Amino acid sequence: MKEFLAENNACGQTILLLVSRGNAVIAELFRLKDYIPKVYRLEFKQDVQVYGEIIQDFSYLKTSEAHEKKIDQSEVLRELDEEFRDNHIEIIKRFYLLFESIHSYIMDLNHYVEELEDGVYIHQSLETVFQDSEGKQLLCESLFLYGLMLIAIDAHIDGIIRERLLISYNRYTPQRRDTQSSFDEVCKLLMDTGLNTSKKPQNYPEDYFKRVSINSNYIDMVIGRLRSDDIYSQISVFPLPKHRSTALATQASMLYVCLFFSPNILHYESAVMREIVDKYFPDNWIISVYMGFIVNLAETWENFKSAKQALSNTLQISNLKHFANNHGQKVPDLLKISNNLLKEGNITRDSLLKDINNIVNTLRECNVTLRWLILHTVVKPGTNDNKNKKLKLFRDLVITESNCEQSYLFKLLLNTAQLELVTQDLYESLMLEKDTQWEDLKRNSYESLIELSEVFSGSKPLSRIKKNSDLEGWFKEIAAQIESLSREDSGSSRKLVQLIQALEEVQEYHQLDNNMQVIQFLSEIRSDLNQMIRTMNIKEDVMINLHLIGDISYAWELIDFYTQIMQNGIKKEPKLVIKLRAVFLKLASALELPLLRINQSHSEDLISVSEYYSKELAIYIRKVLQIIPSTMFEKLARIIEMQTRVIKEVPSRVDKDKLKDFAQLDDRFEFAELTHSVSIFSQGMRMMKSTLVGVVCLDPKQLLEDGIRKELVQHVSKSLNNEFTFSSKPKQDELESKLKILGQIMDGYKKSFEYIQDYININGLKIWQEEVTRIVNYNVEQECNGFLRNKVHPWQSIYQSRYVPIPIYPPIDGSKNFVGRLAREVIRLTDPRSSVFLPTTSTWYDIKVHKPVLNKETIACIAQTIEITGLVGLDRLFSFMIITALQRIIAHLENKNVKANSWSNVISAIHNDIKQKSLDQANNNPLKVYQIYINRTTKIWSEFLEKTLLVGQLQLLRNLIAFHLNKSCKFNAKNYEASLRTLNK
């Protein structure tokens, strides 16, 4: 094994690096599936109308020249195409690199197999590599990973989207020559399979798997090894025959994928399929292929005659009832056993050494039961299980017959995770101390025997013990034998057993039972010798077996089903977080599966892949624990209400008669109770220790703060989005009333944060200012995207965060978010056609009723509601609007708009007409002459006038904002100076 993966073995290192790369490609696939640009889906009619001409599938290749000509001839399409390219080219390139990596992977695998057959690697061939245990694993994994890439990319990235991304890459980038994968070959491999259409395509996925030919001899050998061998030696970890399907689960999932490369077996070879089903799927039909990617064999083998026939025995109703009943009955018993083991004091260092085999057997039974029941009763959240009535019937039958509620199953998962954590931590400490402990026990035994020999020599008096030179010599000889023992010597264990027997016999035959002190000595020596035997049995193999038994990679996605159960439990008892830590650590152990080969090959991909899976798990943990900040905010909402509406502020002087009214004892008791409950939830979160999840360390204090930030962002964003929604028809004082309501809401949150921060040990005002600033800046940035060619996507924004995301709401009235709606409402109120601006009062007045519609107080109210950051954001948005208006004015004057080119024609015609007419004619009847010219320019003047008025209007608004910002800065500076003077005094 070591020789094949030695650094100087080119054959082993080549296939190891290839498998490592395969795992990295799959991680990149899982990462990019969440970053598909929405516009590529063309789900909405508006997207089709706007981008339909520039986002094309493979039908574009037939008429590419005509299509490009159409885009070039249209200035609108050309500009849209260039803007789209600038905004999406980076993500398009990344998707293409993923697609290309899949193709280059299979080309490299084919090349490696060819080199093996051609004898490029000295003394190595396909047969010899398959004879090596590591070589056999890697060759099987390499084919499996390629098949998995094909299945996963078809499941996560629709075929039509792949085609659109590939065509975009082809149109926007020059062809590369530094790669063995040509664009045509990548397209051939990843063209649409038709999987996500209403009707399942025929011969799927066998035709898909045949798009790149692979050595048939290599495929047959892989399937042969997976059918017959235990390539990962898992049977020794799960020795009981009833656990065989669990032991071979990883191998079964590999065989499932690899069989699609040889569809004849699935279709026609009934005997082979019966053998496969009897060995790997005798009691299960739902399997986890890779990191929680779940497959139902009853569905995927539906169109394969032999496979379906072989599986039909497993799927008989009587068998389903038997499997479900058998596993369901185990849950109460296992809960009872695990609860008993987890009682404080039941698992100690001594008891663990004594009962390690029983504990491992219990954990094995728990994990096997959990695996079967979770896979066969739980549906991944968000999936539609009603599509196939037959599958739903099987699942419902299993749920009914198992008679096991999901809450009990989760309790078993919780107990199993805790028992594993306790056992592993304790066993690991024993492994670290085993050398020291063994030597201490050996020394104690030796010293006790020497002391006994001295007692029987007569030199050391002991009550009623006569001198016995035979026993003296015998005890010295036993002491010498113990001193000569070595822990590394395999025969020491047998010697220790013989010495224990000898000590028992000497007590019996030499009538030493009469002296209690001698009996005590001998008993302690035997106990130490027994402990030495147990200490010798402390081996790393036990830890490895515990890790293998505790594998939960199958539930990587299904665990989300239990999120609600976890959150309800935390809501009832916040201290449950301590127990959940064990479940999170159990989930973290699943990261070893995709990282094993990457780590072995010392690949640079180790950091990026481990970061991806670690962050995904960290996000899930945050999702579960978010119930604590969420519940805290529910309590906080009542606190806000009481602070703003119920609790009266006590004045400095109160009449004795009114004191009772201000006391509000019941209200203040409720207020104190709410505050206490918030602090209890905060304490529950903090009780969870810092936890290393993969390469990400989760600090409970930071988790709590991020959770509070997330809830704050959700609530504030929702309030801003709801309140800053204006009616289509202008209403008197609508903006003022909305600002007033929103101001009260924001002020309530701010006051509550000030009040509660000391009870939960956070800097509330700092969090408030940072998050409100981030919300406003993000929404300003996204609103300004409409005026930019190179847009900032949400996932690129410095203000957006995966852990504390700012929610994105659907656009309303042509504005992307509340900042745009507020800005456009202000513009509508100050429209020059309906209002007039007086510089002396810096106020806009309604032309008809002469009432003020916007003034300095309105700007101050906006600043109070969305902070100074909001005003700066409005100023920035107005600046973009001014630039856009000026650009249109210039374009209008320069006659750039081909459709409305009458401007220069009319002006030229008027200019020529005036030249031809004499000055006297114009002076004699000016009204008539110039009225004709005015009438001719009226139609083309409106747009120019509208944009010019808008520029002036926006500039006046910016001046008013600047005045308020300047005033605020001076006020803050004065306050700062005053506080400094106070400190100096």
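Residues numbered from 1 in each chain as written. Predicted model: local features only at pLDDT ≥ 70, side-chain atom pairs only at ≥ 80, totals over all residues. Heavy atoms only, no water.

1. Topic: the overall build of the protein
Thought 1: Counting its secondary structure elements, the protein contains 39 helices and seven strands.
Thought 2: The C-alpha radius of gyration of the protein comes to 39 Å, more than 25% above the 30 Å expected for a compact globule of 985 residues.
Thought 3: Oriented by its inertia axes, the alpha-carbon framework of the protein measures out at about 155 × 95 × 55 Å.
Thought 4: In the protein, buried positions account for 49% of the 985 residues.
Thought 5: Relative to all contacts within the protein whose residues are 6 or more apart in sequence, the contacts with residues 24 or more apart total 76%.
Thought 6: Treating the 122 positive side-chain charges of the protein as one cloud and the 126 negative ones as another, the clouds have centres 8 Å apart. (Helix = DSSP H or I, 4+ residues; strand = E, 2+ residues; numbered from the N terminus. Rg over C-alpha atoms; globule rule 2.2 N^0.38 Å. Buried < 20%, exposed > 50% of the residue type's maximum accessible area, 1.4 Å probe, protein only. Contact = heavy atoms within 4.5 Å. Lys, Arg positive; Asp, Glu negative; His and termini not counted. Charge placed at Lys NZ, Arg CZ, Asp CG, Glu CD.)

2. Brief notes about helix α35 (residues 818-829)
Thought 1: With twelve residues, α35 extends 16 Å between its outermost C-alpha atoms, agreeing within 8% with the 16 Å of an ideal straight helix rising 1.5 Å per residue.
Thought 2: α35 sits mainly inside the fold: ten of its twelve residues count as buried.
Thought 3: Inspection of α35 places Phe818, Val819, Gly820, Arg821, Leu822, Ala823, Glu825, Val826, Ile827 and Leu829 among the buried residues, and these make up the whole buried set.
Thought 4: At the N-terminal end of α35, a side-chain oxygen is found 3.1 Å from the backbone nitrogen of Val819, two or three residues along, and the residue is Asn817. (Expected span 1.5 Å × (residues − 1). Polar contact = N/O pair within 3.5 Å; in protein donor to acceptor, adjacent residues only side chain to side chain.)

3. Considerations on the pattern of salt bridges
Thought 1: Summed over all chains, the structure comprises 40 salt bridges.
Thought 2: In this structure, Asp560 and Lys623 form a salt bridge, with 2.9 Å as the shortest nitrogen-oxygen distance. One end of the pair, Asp560, is in the loop between α24 (540-549) and α25 (563-572); the other, Lys623, is in helix α28 (residues 605-625), and 63 residues separate them in sequence.
Thought 3: In this structure, Arg709 and Glu705 form a salt bridge, with 3.1 Å as the shortest nitrogen-oxygen distance. A residue pair is termed a helical-turn pair when its members lie 3 or 4 positions apart in one helix, as Arg709 and Glu705 do in helix α32 (residues 700-723) at four residues. Pair check on accessibility: Arg709 and Glu705 agree, each one buried.
Thought 4: Linked through salt bridges whose partners overlap, the residues forming this network are Glu705, Arg709, Lys766, Glu770, Glu771 and Arg774. (Salt bridge = Lys/Arg side-chain N within 4 Å of Asp/Glu carboxyl O.)

4. A short note on the pairing of strand β6 (residues 843-846)
In the case of a regular strand, side chains alternate between the two sheet surfaces.
Thought 1: Residues Thr843 and Tyr845 line one face of β6 and the alternating positions Trp844 and Asp846 line the opposite face, and both faces are buried.
Thought 2: Inspection of the sheet shows strand β5 (residues 835-838) paired to β6 by four bridges, in the antiparallel sense. Residue pairing across strands places Leu838 opposite Thr843, the latter belonging to β6.
Thought 3: Turn length for the β5-β6 hairpin, with the two strands adjacent in sequence and antiparallel, is four residues, and the turn residue Ser842 shows positive phi of about 55°.
Thought 4: Relative to strand β7 (residues 852-854), β6 runs antiparallel, the two being bridged by two bridges. Paired with Tyr845 across the bridge in β7 is Pro852.
Thought 5: Where β6 folds back on β7, the antiparallel hairpin that results is connected by five residues, among which His850 adopts a positive phi of roughly 60°. (Pairing = 2+ DSSP bridges.)

5. Brief notes about the sheet that holds β6
Thought 1: The sheet built from three strands is open, its strands ordered β5-β6-β7 with antiparallel pairing. Only two strands of the sheet have a single partner each, and these edge strands are β5 and β7. The average angle at which neighbouring strand axes cross in this sheet is 40°, direction not considered. (Axes fitted to C-alpha atoms, helices over the stretch in contact; angles between N-to-C directions.)

6. A word on unusual backbone geometry
Thought 1: Cis peptide bonds are those with omega within 30 degrees of zero, and the linkage from Tyr204 to Pro205 qualifies with 5°.
Thought 2: Following the sequence through the fold, Pro205 ends up in the loop between α8 (183-190) and α9 (206-209).
Thought 3: A positive phi angle, near 50°, is found at Asn403, a position not held by glycine.
Thought 4: Given the relative accessible area of 69%, Asn403 is considered exposed.
Thought 5: A positive phi angle is found at Ser842, which is not glycine, with a value near 55°.
Thought 6: Relative to the helices and strands, Ser842 resides in the loop between β5 and β6.

7. Comments concerning helix α17 (residues 317-341)
Every α-helix winds through 3.6 residues per turn, so residues three or four apart in the chain are directed the same way.
Thought 1: Across its 25 residues, α17 extends 36 Å between first and last C-alpha, which sits within 8% of the 36 Å expected from 1.5 Å per residue.
Thought 2: The complete set of buried residues in α17 reads Leu320, Phe323, Ala324, His327, Gly328, Lys330, Val331, Leu334, Leu335, Ser338 and Leu341.

8. Concerning a negative patch on the surface
Thought 1: Together, Glu114, Glu117, Asp118 and Glu127 line one region of the surface with negative charge.
Thought 2: In terms of residue count, the dominant contributor to the negative patch is helix α4 (residues 75-118) (three residues).
Thought 3: Relative to the assigned elements, Asp118 resides in helix α4.
Thought 4: On the basis of relative accessible area, Asp118 is assigned to the exposed category, the value being 62%. (Patch = residues over 30% accessible without salt bridge, like charges linked within 9 Å, V, L, I, M, F, W, Y side chains within 5 Å. Areas by Shrake-Rupley, 256 points an atom, 1.4 Å probe, with all protein chains shown as cover.)

9. Considering the packing of aromatic side chains
Thought 1: Scanning the entire structure with this criterion turns up 28 aromatic pairs.
Thought 2: Judged by centre distance (6.1 Å) and plane angle (85°), the rings of Tyr208 and Phe209 are edge-to-face. Comparing Tyr208 with Phe209 shows no difference in burial state: the two are buried.
Thought 3: Taking the centre distance of 6.1 Å and the plane angle of 20° together, the rings of Phe724 and Phe818 count as stacked. Taken as a pair, Phe724 in the loop between α32 and α33 (734-760) and Phe818 in helix α35 lie far apart in primary sequence, 94 residues in all.
Thought 4: Each residue in the set Tyr146, Tyr204, Tyr208, Phe209, Tyr256, Phe260, Phe261, Tyr280, Phe281, Trp301 and Phe304 is aromatic and connected to the rest through ring pairs, giving one cluster.
Thought 5: Sitting over the ring of Tyr803, Arg622 keeps its end group 3.9 Å from the ring centre. (Phe/Tyr/Trp six-rings, centres within 6.5 Å; stacked < 30°, edge-to-face > 60°. Lys NZ or Arg CZ within 6 Å of the ring centre and 35° of its normal.)

10. Things to note about the packing of α17 against helix α19 (residues 389-402)
Relative placement of two packed helices is described by the angle separating their axes and the distance separating the axes.
Thought 1: The N-to-C vectors of α17 and α19 enclose an angle of 45°; their axes lie 8 Å apart at closest approach. Considering the angle they form, α17 stands oblique to α19. The hand of the α17/α19 crossing is right-handed. Packed against α17, whose contacting residues are Ile317, Leu320, Lys321, Ala324, Asn325 and Gly328, the element α19 presents Phe394, Leu397, Val398, Glu401 and Ser402 at the interface.
Thought 2: In the contact of α17 with α19, the residues fall into six nonpolar, three polar and two charged. (Parallel < 35°, antiparallel > 145°, perpendicular 65-115°, else oblique. Left-handed = near helix turned anticlockwise from the far one by under 90°. Nonpolar A, V, L, I, M, F, W, Y, C, P; charged D, E, K, R; others polar.)

11. Overview of a nonpolar patch on the surface
Thought 1: Together, Trp941, Leu945 and Leu949 make up a nonpolar patch on the protein surface, roughly 260 Å² of accessible area in all.
Thought 2: Tracing the backbone through its elements, the reader meets Leu945 in helix α39 (residues 926-984).
Thought 3: The exposure class assigned to Leu945 is partly exposed, which follows from its relative accessible area of 37%.

12. What about the side chain of Asn415?
Thought 1: Among the secondary structure elements, Asn415 is positioned in helix α20 (residues 406-457).
Thought 2: If we ignore the near neighbours within four places in the chain, the residues touching Asn415 are Leu335, Ser338, Asn339 and Leu342.

13. Observations regarding the state of the cysteines
Thought 1: As enumerated under the stated definition, the model contains zero disulfides in all.
Thought 2: Of the cysteine sulfurs around Cys11, a residue in no disulfide, the closest is that of Cys140, at 14 Å.
Thought 3: Looking at Cys11, the relative accessible area reads 2%, which means it is buried. (Disulfide = S-S within 2.5 Å.)

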